[in-house]
Amino acid sequence: MAAEMALSHRAPREVLSEAELEEVAQRKPPTKLSLRRYLHKTRCSGSAAKSLLFRFLPFLRWLPRYPIKDWLLGDIVSGFSVGIMHLPQGLAYALLAGLPPVTGLYSSFYPVFLYFFFGTSRHNSVGPFAVISVMIGSLTESLLPSEKFLESVNGSNATVNEELRDASRVELVATITVLTGVFQVALGLLQFGFVVTYLSDPLVRGYTTASSVHVLVSQLKNVFGVSQSEQSGPLSLFLTIIDLCKKLPDTNVGTLVTAIIAIVAILIVKELNHKFAAKLPMPIPIELITIIVSTGISYGVNLNDKFGISVVGNIPSGLKPPVAPNISYFGQVVGNAFAIAVVGYAICISLGKIFALKHGYKVDSNQELIALGLSNFLGGFFQCFAISCSMSRSLVQESTGGNSQVAGVISSLVILVTILKIGELFRDLPKAILAAIIIANLKGMFKQFSDLCTLWKSNRVDLLVWIVTFVATLLLNLDIGLAASVAFGLLTVIFRTQLPHYSILGRISDTDVYRDVAEYEMAQEVPGVKIFRSSSTIYFANVELYAEALKKKSGINVDRLIEKKKKALKKLQKQQKKLEKEKAKREKAKRKKNTEDGPGVSVIELSAGDSSAPSEPTLHSLGLPQPSFHTVILDFSPVSFVDTVSIKILKNIFRDFHEIEVDVFIASCPVSVLAQLERGNFFSSAITKHSFFPSVHDAVVHISRERRQASVDRSTRM
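Residues numbered from 1 in each chain as written. Predicted model: local features only at pLDDT ≥ 70, side-chain atom pairs only at ≥ 80, totals over all residues. Heavy atoms only, no water.

Participant: Requested: an account of the overall build of the protein chain, with residues and values cited.
Facilitator: Assigned secondary structure in the protein chain consists of 27 helices and 11 strands. The C-alpha atoms of the protein chain give a radius of gyration of 38 Å, which is well past the 27 Å a tight globule of 718 residues would have. With the C-alpha coordinates aligned to their principal axes, the bounding extent of the protein chain is approximately 145 × 65 × 55 Å. Taking all 718 residues of the protein chain together, 46% fall into the buried category. Summarising the internal contacts of the protein chain: among those between residues at least 6 apart in sequence, 82% fall at separations of at least 24. (Helix = DSSP H or I, 4+ residues; strand = E, 2+ residues; numbered from the N terminus. Rg over C-alpha atoms; globule rule 2.2 N^0.38 Å. Buried < 20%, exposed > 50% of the residue type's maximum accessible area, 1.4 Å probe, protein only. Contact = heavy atoms within 4.5 Å.)

Here it is, written out as structure tokens:
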């Protein structure tokens, strides 16, 4: 009684059920959007058109307010620095995609220039990216392998017609790029920027780490100077490694030495750039220096003829006219194009949000999707391959003073000059140097292996997602591996909702706070009340588990008790029928005796039970054990939605506990869930909104008052 008085005393306001609260607060009826209102809302006006134009062309908003004095010099330095990085990376990533080097330069020019008009990130450096390039490379090698372009020379030796192969691959990749852009623009216009949320950070990092292994293995042939047959499909990575091991005796020593020297030099200078970043006005462009020096040495010494070191070959100067994609490829590459679209956007938006948070501006996720899509879509007509954002270039753009998308325009102009005038000078550049640049740039991705230790300490489920993604991508290749990883990531969410934490709550003394009694020593159960909470929402996949956990946590076998009650009631009904038959026999015998004695005065016996209906049998009257509690409160604060199955099971919970004389209340139910219960015909004469309360404490106080009032009424009757 003292505990009940304390609960009542601590209630700072009147306790209201949801039914009473709706009357007091005057809950509004749900609004229905009519066609007229929708058309009025979406009607065209000058301000709406202007807002739409500024949204799809963000540069119109920020460029007129561009602070020339404060930002221009930094953007020029930054753009030049990033442009210097674009040159070697563009050539290298074209090689990674299985394309002529010049396509890497095109991909470093057109999309970068277009992003200036449509992008919202001020620090993202878009352009060729290793992961996207290797995804494209695996596709070109599977659909257009070199074996398809073998031609016999003098009727004996068969050689690959590289010119025809490269032209066919460029056509294929341009089609993939256009289709990738279509997917990205469509998703952006449909406001589907959230699709990237299905790629969790552990999934993306595990995928990019596995992709970096694919990149490394794909470049080993250029490091060792051997020719390999192209593999595709599941286990292609391991088949490539086995084939490489068989051909190690044919290693070109000159190519291997060249690659090792370049890798070591690039890694050392990059480390120095990082160590002395504060003192250097701009990072040492070691990649550019490497390709210039190596091209000069290759040309002067004639490495190709004397040592058999493979070189890039002819790089045509000038820009190509636009060419329409070959739509006959669409059916073959549609799945891969969607995967490239999602992965490219995921990397781009994650980098964009990091820089936006650091520098205090916002990145529009849907507009970024459109910007990336238009850059790919239009770039595909000019022989570009799909692009994304590079972490290394973006960090350089930020650290060298880049403040806006103007830096991207400057870097694209650097590439334009290279395409028009300088590109053809790199025809003697050894392919081993490009392979070295690619491998050296994988260092940052391989550092992601440290995630394993971090995730082991913080979240084992995320660790499992990382490992499964990594292994699936290695085994199943990049496209199937991504699909399997996303499916597994979604399964972990489903499993976590199916296996939530169930708890019985108790009240922290002298507060209106309720916590798990198993975790808090000061949390004490309210006498006669079981407060049950699940850490997850309830829906068709876990609602039966929810009901089972509730019955288990209550400490009594509800189903068994209901079964015993039914048997006891059947037994009671049989006894009543037997008594009625015996009574009928006695009355019949009595009437017969009265008839034999002759006419006389008949006596009518009246019993108290005949004047009123028999009372409902209780567990106590049936001789069954009674629960140690009289009320169950379901804490619905974690519940975000319900479906038809969960509504049905909730009704069963109310029914079952009512059978064993236990009242059920629901507390902290969100209004949206309440509306779903209304639409699902949950409420009836047996279950009303008077069983719902805004908080657990309100429900406890209400129960306490009801029990106290019932106790007073019983004592008054006595």
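Participant: Lay out the pattern of salt bridges with the relevant residues and their values.
Facilitator: Using the criterion set out here, one finds 16 salt bridges in the structure. As a salt-bridge pair, E525 and K530 come within 3.1 Å of each other at their nearest N and O atoms. We classify E525 as partly exposed; its relative accessible area is 36%. For K530, a relative accessible area of 15% gives the class buried. Here R655 ties to D656 by a salt bridge, and the two come within 3.1 Å at their closest N and O atoms. Through salt bridges with shared partners, one network takes in K551, D559, R655 and D656. (Salt bridge = Lys/Arg side-chain N within 4 Å of Asp/Glu carboxyl O.)

Participant: Help me get a handle on the pairing of strand β8 (residues 529-534), residues and values and all.
Facilitator: Within β8, five of the six residues are buried, which leaves the element mostly enclosed by the surrounding structure. Across four bridges, strand β5 (residues 502-508) lies against β8 in antiparallel orientation. Bridged to L505 within β8 is I531. Sheet topology note: the β8/strand β9 (residues 631-635) ladder contains five bridges and is parallel. Its bridge partner being in β9, R533 is matched across the sheet by D635. (Pairing = 2+ DSSP bridges.)

Participant: Which residues make up empty space enclosed by the protein, and what values do they have?
Facilitator: In total, this model carries three cavities of 30 Å³ or more according to the counting rule given. Volume-wise, the largest cavity comes out at about 90 Å³. Around the largest cavity, the lining comprises 15 residues; the ones closest to its centre are V112, Y115, N124, Q405 and G408. For the lining of the largest cavity, the elements supplying multiple residues, two or more each, are α6 (68-96), α7 (101-118) and α18 (406-422). Residue contributions to the lining of the largest cavity peak at three residues, all from α7. What lines the second largest cavity is M135, S138, N336, A339, I340, L478 and D479. (1 Å grid on protein atoms, 1.4 Å probe; cavity = no way out; pocket = protein on both sides within 12 Å on 5 of 7 lines; lining within 4 Å. Points joined across faces, edges and corners; volume = space filled by probe spheres on them.)

Participant: Tell me about unusual backbone geometry, and name the residues and values.
Facilitator: In this structure, Q191 takes a positive phi of about 60° despite not being glycine. Locating Q191 in the fold gives a position in the loop between α9 (162-189) and α10 (201-224). What makes Q191 partly exposed here is its relative accessible area of 37%. Residues other than glycine seldom take positive phi values, yet E661 does so here, at roughly 65°. Topologically, E661 is positioned in the loop between α25 (644-659) and β10 (663-667). The class for E661 is partly exposed, based on a relative accessible area of 33%.

Participant: Which residues make up the packing of α9 against helix α16 (residues 365-380), and what are the values?
Facilitator: Their axes nearest at 7 Å, the elements α9 and α16 cross at an angle of 155°. Viewed along their axes, α9 and α16 adopt a mutual orientation that is roughly antiparallel. Of the two possible hands of crossing, α9 and α16 adopt the one that is left-handed. From α9, A174, T177, V178, T180, G181, V182, Q184, V185, L187, G188 and L189 reach across to α16, where they touch N366, L369, I370, L372, G373, L374, N376, F377 and G380. Residue composition of the contact of α9 with α16, grouped by class: 11 nonpolar, nine polar and no charged. (Axes fitted to C-alpha atoms, helices over the stretch in contact; angles between N-to-C directions. Parallel < 35°, antiparallel > 145°, perpendicular 65-115°, else oblique. Left-handed = near helix turned anticlockwise from the far one by under 90°. Nonpolar A, V, L, I, M, F, W, Y, C, P; charged D, E, K, R; others polar.)

Participant: Tell me about the pairing of β9, residues and numbers included.
Facilitator: In terms of burial, β9 is a largely internal element, five of the five residues being buried. Burial along β9 is two-sided: the residues T631, I633 and D635 and V632 and L634 are all buried. With five bridges connecting them, β9 and β10 associate as parallel partners. Within the sheet, the bridge partner assigned to D635 lies in β10 and is A667.

Participant: Any chance you could break down the packing of aromatic side chains for me, citing the residues and the numbers?
Facilitator: Taken as a whole and judged by the stated rule, the model has 26 aromatic pairs. Both rings, one in Y502 and one in Y546, keep their centres 6.4 Å apart while their planes meet at 65°; by these two values the pair is edge-to-face. Here Y502 is found in strand β5, whereas its partner Y546 is found in helix α23 (residues 543-553), with 44 residues between them in sequence. In this structure an aromatic cluster arises from ring pairing among F59, W62, Y66, W71, F109, Y110, F113, F116, F117 and F382. When the ring centre of W456 is taken as origin, the NZ or CZ atom of R460, which lies over that ring, is 3.7 Å away. Taking NZ or CZ as reference, K689 lies 5.7 Å from the ring centre of F683, over its face. (Phe/Tyr/Trp six-rings, centres within 6.5 Å; stacked < 30°, edge-to-face > 60°. Lys NZ or Arg CZ within 6 Å of the ring centre and 35° of its normal.)

Participant: Please provide a residue-by-residue account of the side chain of D635, values included.
Facilitator: Its location among the elements puts D635 in strand β9. Its relative accessible area of 7% is what places D635 among the buried residues. Apart from the residues within four sequence positions on either side, D635 is in contact with L505, F532, R533, A667, S668 and V696.

Participant: An account of α23 is requested, with residue identities and associated values reported.
Facilitator: The set of residues buried in α23 consists of V543, Y546, A547, A549, L550 and K551. Looking one or two residues past α23, G555 carries a phi angle of roughly 85°, positive in sign.

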